[in-house]
Amino acid sequence: MTHPLPQPITYDAKFKVYHELMAKRILEILLVLSPFDAFIMEEDDSLASRIVNEYQGLNLTRPPRTTRVASAGEALAAVRNRHFDMVITMPQVGEMDCFALGLEIKKIHPRLPVILLAHRLSGLVRDPEQTTLPGIDYFYIWSPNPALLLALIKSLEDRLNVNTDTRLAMVRVLLLVEDSPHYRSFFLPLIYREVVQQTQAVLGETLNEEHRILKMRARPKILVAESYEQALALFRRFRPYLFGIISDTRFRKSGKPDDRAGLKLLAHVRKKVADMPLLLLSSDPGNREPALEIPAVFMDKSAPGLQEGLHDFFLNHLGFGDFVFRLPDGTEIDRAENLAALEAKLAAIPAESLLYHAGRNHFSNWVMARSEIDLAANLHRDRLNRLTDPGEMRREIIDQVHTLRRLRQQGVVAQYNPRSYDPEIMDFVKIGTGSMGGKALGLAFMAMVLARQQELGEQFPDLPIRIPKTLVITTNGFDAFMEHNQLTAPFPATPDEEIAARFLAAEMPGWLTELLASFLAQVRAPLTVRSSSILEDAHFRPFAGLYSTYMLANNQPGFARRLAQLLDAVKLVFASTYFAGPRAFARTIHPSGRREGMAVIVQVLAGRDHGEFFYPAISGTAQSYNYYPVGPMRPEDGIVNLALGFGKTVVEGEQSLRFSPAYPEHLPQFSTVDDMLANSQRYFYALRLQDPLPELRFSANANLERRLLSRAATEAPVAALTSAYLPDEHRIRDSGTGGIRVLTYARILKHKLLPLPELLTEVLGLARTGMGCAVEIEFVVELPDAGNTGAFYLLQTRPIAAGGKTAPVRIGEQEKKQAFCVSSQALGNGELEDIADIVQVRLDSPEAGANKQAAREIAKFNSRLLKEERPYLLIGPGRWGSADPWLGIPVQWQDISGVGVMLEHRSRHFSADPSQGTHFFQNITAMGIPYFTINEKKPKKGDFFDWQWLARQPAHVETGLIRHIRFKTPFTIKIDGSTSHGIMYMKRRKS
């Protein structure tokens, strides 16, 4: 009889096929026990508890629920009124025996399985030759071993699912031939426990716990036969999937007991399948020699060590142990303990060994023991035998194994294990079982989403989307560090520098140091060490940019120095949990003060070496919602900020390029040549590779250098992204090497060197759909050049959660007439009537020193007003929160933590583009703080601020740079979020 070759199974990194396996489950069990039987069987613990404990002990999911009744009458009533998947009964149940009960149950539900559990065999049947029991499907002998209960449930589930699961996924089948209820009740639990434990053991290298549970569904099915004919029928039916037979020696053949039935069966199977693992069980030692002649493994039922022998059979014959490479004469030449070792050793084994194992289906059987369904299908001997050239076969097997290992890791967060970690294929791993924090969770979520979008790779073949190699130290690492050093939250007034010094002096727990050291030993690229607190990037509370990030060159001579820097960076991120900025922001969210957990992300930096420096060609942020659309842009088209080098330029509000991915050639910043010269990026950030700092300083960016663009004109990214300004002609030319370099991104946005705008549109759409709200991403782009392909690296994903009320707000014409401020670029939604203070920065022209001083003075006013519990309107020129004091006031969150409303005034002196894309802006909008913009350089119709009226108001407190005005009664602030219009007015405004 020929069997159809299983169809090739394509790799499915999302485990789709596993979800379809084991579709029929035993979830409801009816136990029919007399009170005396229940007392005997539940003397130590209830049957329900035993089942649950057995499931938990083997890490199995969804234990069934049990319902116990004491009589046949109650059992029949329960079956009529409720759904059950299985009935377990004892022999005598009140007025009716088990056989009569079984027959009555079959009248109600003919397909409902009824299993008999008896304390003994004698007395149940009069004729010892009787092969069937009326009304009973299966018969077992009770023992206190809870594994028997698991075996009864799993055996029935296997029978229900074997047809579908073998067809869907080539799930393997193990056949047990045993007609004795005593031995069946003894062997079946042993075999099931061995199958479950060995399957779980070989899944140790496979991903995370969720996927291990899924892959357990592909464990081998165990089918039981009680006669020669039943066994032969199952062998013929499931021959393509059968991977072993365990058989008794004496059972029925042709309707009569046959002392040699097992030997005959195994001899027949051996003729049909030369390499099938066979095990003969017998109480007669004289059957050893006939078994060896087949050949089959022999075990004496009555000999000690039976359980150990069964364990050895699973490891050495059924593929659950190491893969043992042998020559055709049986000589062992090597071993592989997992898929990674198999891939590595396949390259070196002799061709005759390769052909020997491929021809006997050993590769397919061994990987199937690891529940690798797709790989087992692709390594099936009927496929490999089509490759006549040993070299081609070797390449094919290695490629199949490597591809699976690579795809299995995409979009998956695996537990970091030094023994199995492979930096080549594992992109995202974690240390510990605590929370990964908001930032890491957002990145892990998008890694999963992107891994499911296989078509993106086909749509953008020149710009593959990647997640940088990432290790997350979960929050229990932070907790262990705090506990190990008996550290508590510092006093609120403790300076950041003192907190950092205290944490640097503390000792990292030994286990965490060992794991980080093993990771670092395999990674020699530059690293970034970033925060990922529980609150960071969570909906409505982003904490964006408030914690520390450290970049490490990771190239110091000597491993000890590299490790010391990594440990210091982790400690400093831990320390930043208690810095002033996060503490101030946390108080606005949790006034009672809640201890925060901190996870840490250790990530390989995306970028390339350029002489003495390392940096990415492009860094940027992209938002799915544009708060300030101009020209043809719509808010839902989104907005992108690009910068050469590291993204510090963008997230700290320095000069960068803004564009909508829907209209990449519409660049208001670059409307004229003069605009290009005035608004293009002149400086960029790069990581210093030569002479990096021997010790981390308190400054998070100590290893970064702010470089002048003109100093890097010959470096590949600068040459690719800049255009040439020709002063004599006062024009900018996109091609050519002469002239002054101006960063225009023309080759990307205008000449379509890479489809970056289109890719950003797709990624933003996926992120927005996945998170259910507007989102912001941070990314890096590497350009293709000689010897290198381009790549898009996703660094971070977070929700844009604009707070505030959602009820509609209407602004009347009479209110506009009363207003001292009207803006068509106002963020937020709602009405405020509790603000009676205005803090105004008085600057008529840009001056970096004055802006820094203004930030320090604002912090003092903020502290005072916070104590008085008086929210205030903060008015200032340029971009709030910019790290560049030439573009605005460089305040940090703790400097303005009591603010109620903010106003950004853009004039001819301060005309930086809106703050979208900065961490500061993200926190402001997420806190629901209304944000007004007045643009006097490019005024919109109807927008104004009555500066003369404000100047006439008496100052409550005044310094050289700041005016604090206090009104006796609050003024009204209204923002219509649907139109982005906002006004401020006094109800009885003084002229």
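These lines cover the structure that appears in this document, whether it is placed above or below. (Residues numbered from 1 in each chain as written. Predicted model: local features only at pLDDT ≥ 70, side-chain atom pairs only at ≥ 80, totals over all residues. Heavy atoms only, no water.)

## Remarks on the pattern of salt bridges
Here is step 1: Scanning all chains against the criterion turns up 36 salt bridges.
Here is step 2: Between arginine 219 and aspartate 158 there is a salt bridge, and its shortest N-O distance comes to 2.9 Å. Of the two residues, arginine 219 sits in the loop between helix H8 (209-215) and strand E9 (221-225) while aspartate 158 sits in helix H6 (residues 147-169), which places them 61 residues apart along the sequence. As far as burial versus exposure is concerned, arginine 219 and aspartate 158 are alike and both buried.
Here is step 3: Lysine 974 serves as the salt-bridge partner of glutamate 815, at 3.0 Å between the closest nitrogen and oxygen. Here glutamate 815 is found in helix H31 (residues 813-818), whereas its partner lysine 974 is found in strand E44 (residues 962-976), with 159 residues between them in sequence.
Here is step 4: What emerges from the salt-bridge pattern is a single network uniting Asp837, Glu868, Arg870 and Arg966. (Salt bridge = Lys/Arg side-chain N within 4 Å of Asp/Glu carboxyl O. Helix = DSSP H or I, 4+ residues; strand = E, 2+ residues; numbered from the N terminus. Buried < 20%, exposed > 50% of the residue type's maximum accessible area, 1.4 Å probe, protein only.)

## A short note on the environment of valine 173
Here is step 1: Among the structural elements, valine 173 can be located in strand E8 (residues 173-177).
Here is step 2: Overall, the relative accessible area of 1% leaves valine 173 in the buried class.
Here is step 3: Expressed as a C-alpha distance, the spacing of valine 173 and tyrosine 241, which sit 68 residues apart in the sequence, is 5.7 Å.
Here is step 4: Those residues in contact with valine 173, other than ones at most four positions away along the chain, are Val162, Thr166, Lys221, Leu223, Phe238, Tyr241, Leu242, Phe243 and Gly244. (Contact = heavy atoms within 4.5 Å.)

## Digging into the pairing of strand E34 (residues 775-782)
Here is step 1: With eight of eight residues buried, E34 is to be regarded as a mostly interior element.
Here is step 2: The alternating pattern of E34 places Val775, Ile777, Phe779 and Val781 and Glu776, Glu778, Val780 and Glu782 on opposite faces, both of which are buried.
Here is step 3: Note that strand E26 (residues 618-623) and E34 share six bridges and pair antiparallel. Each bridged residue has a counterpart across the sheet, and for serine 619 the counterpart in E34 is valine 780. (Pairing = 2+ DSSP bridges.)

## Section: the sheet that holds strand E29 (residues 683-688)
Sheet strands pair via backbone hydrogen bonds, and the direction of the pair is either parallel or antiparallel.
Here is step 1: Spatially, E24-E25-E29-E30 is the arrangement adopted by the four strands of the open sheet, whose pairing is antiparallel. Two strands close off the open sheet at either side, each with one partner strand: strand E24 (608-610) and strand E30 (704-708). Geometrically, the sheet is characterised by an average inter-axis angle of 45° between neighbouring strands, direction not taken into account.
Here is step 2: As judged from the five bridges shared by E29 and E30, these two strands associate in the antiparallel manner. Bridge assignment links phenylalanine 684 to a residue of E30, and that residue is arginine 707. (Axes fitted to C-alpha atoms, helices over the stretch in contact; angles between N-to-C directions.)

## Considerations on the environment of threonine 66
Here is step 1: When you line up the elements, threonine 66 lands in strand E2 (residues 65-69).
Here is step 2: Distance from threonine 66 to leucine 30, taken between C-alpha atoms, is 5.9 Å for residues 36 residues apart in sequence.

## Considering the sheet that holds strand E13 (residues 278-282)
Here is step 1: On the basis of which strands lie adjacent, the open sheet formed by five strands has the order E9-E8-E10-E13-E14 and parallel pairing. Both edges of this open sheet fall to E9 and strand E14 (297-300), since each of them pairs with a single strand only. If you compare each strand with its neighbour and ignore which way they point, the axes differ by 20° on average.
Here is step 2: In this structure, strand E10 (residues 242-248) lies alongside E13, joined through four bridges in parallel fashion. If you follow aspartate 248 over to E13, its bridge partner there is leucine 281.

## Notes on the packing of aromatic side chains
Here is step 1: Scanning the model with the defined rule gives 21 aromatic pairs in all.
Here is step 2: Between phenylalanine 503 and tyrosine 578, the aromatic rings sit 6.1 Å apart at their centres with planes inclined by 45°, giving tilted as the arrangement. On the criterion of sequence distance, the pair formed by phenylalanine 503 in helix H22 (residues 496-505) and tyrosine 578 in the loop between helix H24 (559-575) and helix H25 (580-589) is long-range, its members being 75 residues apart. Of the two residues examined, phenylalanine 503 and tyrosine 578, each falls in the buried class.
Here is step 3: Through successive ring pairs, a cluster of aromatic residues spans Phe820, Phe945, Trp947, Trp949, Phe967 and Phe971.
Here is step 4: Positioned above the aromatic ring of tyrosine 140, the side-chain terminus of arginine 184 is 5.5 Å from the ring centre. (Phe/Tyr/Trp six-rings, centres within 6.5 Å; stacked < 30°, edge-to-face > 60°. Lys NZ or Arg CZ within 6 Å of the ring centre and 35° of its normal.)

## Points about helix H30 (residues 756-771)
Here is step 1: For H30, with 16 residues, the first-to-last C-alpha span of 22 Å sits near the 22 Å given by 1.5 Å per residue.
Here is step 2: Inspection of H30 places Leu756, Pro757, Leu759, Leu760, Val763, Leu764, Gly765, Leu766, Ala767 and Met771 among the buried residues, and these make up the whole buried set.
Here is step 3: Where H30 ends, the next residue or the one after it, glycine 772, has phi of about 75°, a positive value. (Expected span 1.5 Å × (residues − 1).)

## Focus: the packing of helix H19 (residues 437-452) against H30
Here is step 1: At a minimum axis distance of 11 Å, the contact between H19 and H30 shows a crossing angle of 115°. Considering their axes alone, H19 and H30 lie roughly perpendicular with respect to each other. Of the two possible hands of crossing, H19 and H30 adopt the one that is right-handed. Residues Gly442, Phe445, Met446, Val449 and Leu450 of H19 form the contact with H30, whose own contacting residues are Val763, Leu766, Ala767, Gly770 and Met771.
Here is step 2: Split into classes, the residues belonging to the contact of H19 with H30 amount to eight nonpolar, two polar and no charged. (Parallel < 35°, antiparallel > 145°, perpendicular 65-115°, else oblique. Left-handed = near helix turned anticlockwise from the far one by under 90°. Nonpolar A, V, L, I, M, F, W, Y, C, P; charged D, E, K, R; others polar.)

## As for the packing of helix H23 (residues 510-520) against H24
Here is step 1: Running from amino to carboxyl end, H23 crosses H24 at an angle of 125°, the nearest separation of the two axes being 10 Å. Taken as axis vectors, H23 and H24 run oblique relative to one another. Between H23 and H24 the crossing geometry is right-handed. Taken together, the residues of H24 that come into contact with H23 (itself represented by Thr513, Leu516, Ala517 and Leu520) are Phe559, Arg562, Leu563, Leu566, Leu567 and Val570.
Here is step 2: By residue class, the composition of the contact of H23 with H24 is eight nonpolar, one polar and one charged.

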